[in-house]
Amino acid sequence: MSKRGVLLRKLCICFVLIVVFLLGCSSNEKDTEVELVISAATSLQDALAPIQKMYEEENTNVKLTFNFGSSGTLQKQILQGAPVDLFFSAAKNQFEELVEKGEIHDTESVDLLKNKLVLITPKDSQFKIKDFESLKQLDTARISIGTPETVPAGFYAKETLTNLGLWEVLEGKIVFAKDVRQVLSYVETKNVEVGIVYATDARNSEKVNIIATASKSLHTPIIYPVGILKDSKEHVAAKDFLTFLQSEEALKQFEKYGFTIE
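Remember, it's a predicted structure, so these values are computed and weren't measured experimentally.

### Describing the sheet that holds strand β9 (residues 208-213)
In step 1: Taken together, the five strands give an open sheet; going across it, the order is β7-β6-β8-β5-β9, and neighbouring strands pair in mixed fashion. In the strand order of this sheet, the two ends are held by β7 (174-177) and β9, each with one partner. Taking each pair of neighbouring strands and ignoring which way they run, the sheet shows an average axis angle of 35°.
In step 2: In this sheet, strand β8 (residues 194-198) lies alongside strand β5 (residues 117-122) in antiparallel orientation, the contact comprising four bridges. Pairing of Leu117 across the sheet is with Tyr198, part of β8.
In step 3: Its contacts with the sheet put helix α5 (residues 152-163) on β5, β6 (143-146), β7 and β8, and the angle it makes with β8 is roughly 120°.
In step 4: Against the sheet, helix α7 (residues 180-188) makes contact with β5, β6, β7, β8 and β9, and its axis sits at roughly 145° relative to β8, the strand it touches most.

Encoded structure:
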């Protein structure tokens, strides 16, 4: 074989090896196990369960790990260095503080969902109330809301009662809870007579009655923003999941659980 033929043969072998190597790298990258940590408001827990299943079935190399809690508590954990890829908040203020501090890029975030605030009682409650204003008539009733400083639902509840002129009247009867699900639990177990929670939580419980929905004019708009943390080690996967959350199939799941779309 001529020197030219030997050289061409070597070049062909090198080309084949390079192609095989690149294909192998691509396959390995696709098959690499990725874990995404999402800190999400407790009120999202039910809706995110089927969405997690849908996403992991379509992306078999990705594992979604959710850390649920009050938005204020989750925000503090992030500021203290908790390893989080995405933050899904039940309020704009905690979220925007992270954006202002550079923890989340506003170009990689979106206001995704809306919710409503409702007044609830146990299913067989004997208390005769028909709206928020009726609360002032309940001399002995205990009312549960989330701790306003850390629980968005509690913040909205305090806003509503304040704007109705009821906060000072009722403050001594209020039982504060660590998150909105604890408020719901207090009402379900009759540890309190009345609670103020999100509509999405109340509608999925068979143990409570929804008495009234707070007027939007009484509180700050209930908006759920979600975004990628700048320190995410899995930025590509996080961006893909953020895109999926905005997809038609994911939004249908959120609507199924009572959320409305921004």
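Let's pick the thread back up.
### Some words on the pattern of salt bridges
In step 1: By the definition in use, this model includes seven salt bridges.
In step 2: Linking Lys252 and Glu248 is a salt bridge whose minimum nitrogen-to-oxygen distance equals 3.4 Å. Linking Lys252 with Glu248, this pair stays in helix α10 (residues 248-256), spanning four residues, or about one helical turn.
In step 3: The structure contains a network of salt bridges with shared partners spanning Asp46, Arg181 and Asp201.

### Re the confidence of the model for the protein chain
In step 1: Overall, the prediction assigns the protein chain a mean pLDDT of 90, with 88% of residues at 70 or greater.
In step 2: Across residues 16-30, confidence stays below pLDDT 50; counting only partners more than four residues off in sequence or on other chains, it has two contacts.

### Quick notes on the pairing of β5
In step 1: Burial within β5 is extensive, with six of its six residues counted as buried.
In step 2: Two elements, β5 and β9, share five bridges in a ladder whose sense is antiparallel. Residue pairing for β9: Pro122 is matched across the bridge by Val208.

### Looking at the environment of Leu164
In step 1: Following the sequence through the fold, Leu164 ends up in the loop between α5 and α6 (167-170).
In step 2: Measuring from C-alpha to C-alpha, the distance between Leu164 and Glu133 comes to 7.3 Å, with 31 residues separating the pair along the chain.
In step 3: Dropping the residues within four chain positions of it, Leu164 is found in contact with Phe132, Glu133 and Leu218.

### Examining helix α2 (residues 45-58)
In step 1: Counted at 1.5 Å a residue, the expected span for α2 with its 14 residues is 20 Å, and the 20 Å between its end C-alpha atoms agrees.
In step 2: Within the sequence span of α2, burial applies to Ala47, Leu48, Pro50, Ile51, Met54 and Tyr55.
In step 3: On its buried side, α2 packs onto β1 (34-41), β2 (62-69), β3 (86-88), α9 (235-245) and α10.

### Some points on unusual backbone geometry
In step 1: Positive phi values are uncommon outside glycine, yet Lys190 reaches one of about 65°.
In step 2: Turning to its location among the elements, Lys190 is positioned in the loop between α7 and β8.

### A few points about the side chain of Thr200
In step 1: Tracing the chain through its elements places Thr200 in helix α8 (residues 199-203).
In step 2: The buried category is assigned to Thr200, whose relative accessible area is 3%.
In step 3: Side-chain polar atoms of Thr200 contact the side chain of Asn115, separated by 2.8 Å.
In step 4: Residues within four places of Thr200 in sequence aside, it is in contact with Ser43, Asn115, Tyr257, Gly258 and Phe259.

### A closer look at the packing of helix α3 (residues 71-79) against helix α4 (residues 92-100)
In step 1: Across the interface, α3 lies against α4 with an axial gap of 9 Å and an inter-helix angle of 15°. Relative to α4, the element α3 is oriented roughly parallel. The handedness of the crossing between α3 and α4 is left-handed. Taking contact as the criterion, the partners of Ser71, Gly72, Gln75, Ile78 and Leu79 in α3 are, on α4, Gln94, Glu97 and Leu98.
In step 2: Class assignment for the residues of the contact of α3 with α4 results in three nonpolar, four polar and one charged.

Basis of the calculations
- Residues numbered from 1 in each chain as written.
- Predicted model: local features only at pLDDT ≥ 70, side-chain atom pairs only at ≥ 80, totals over all residues.
- Heavy atoms only, no water.
- Pairing = 2+ DSSP bridges.
- Helix = DSSP H or I, 4+ residues; strand = E, 2+ residues; numbered from the N terminus.
- Axes fitted to C-alpha atoms, helices over the stretch in contact; angles between N-to-C directions.
- Contact = heavy atoms within 4.5 Å.
- Salt bridge = Lys/Arg side-chain N within 4 Å of Asp/Glu carboxyl O.
- pLDDT = per-residue confidence, 0-100.
- Buried < 20%, exposed > 50% of the residue type's maximum accessible area, 1.4 Å probe, protein only.
- Expected span 1.5 Å × (residues − 1).
- Polar contact = N/O pair within 3.5 Å; in protein donor to acceptor, adjacent residues only side chain to side chain.
- Parallel < 35°, antiparallel > 145°, perpendicular 65-115°, else oblique.
- Left-handed = near helix turned anticlockwise from the far one by under 90°.
- Nonpolar A, V, L, I, M, F, W, Y, C, P; charged D, E, K, R; others polar.

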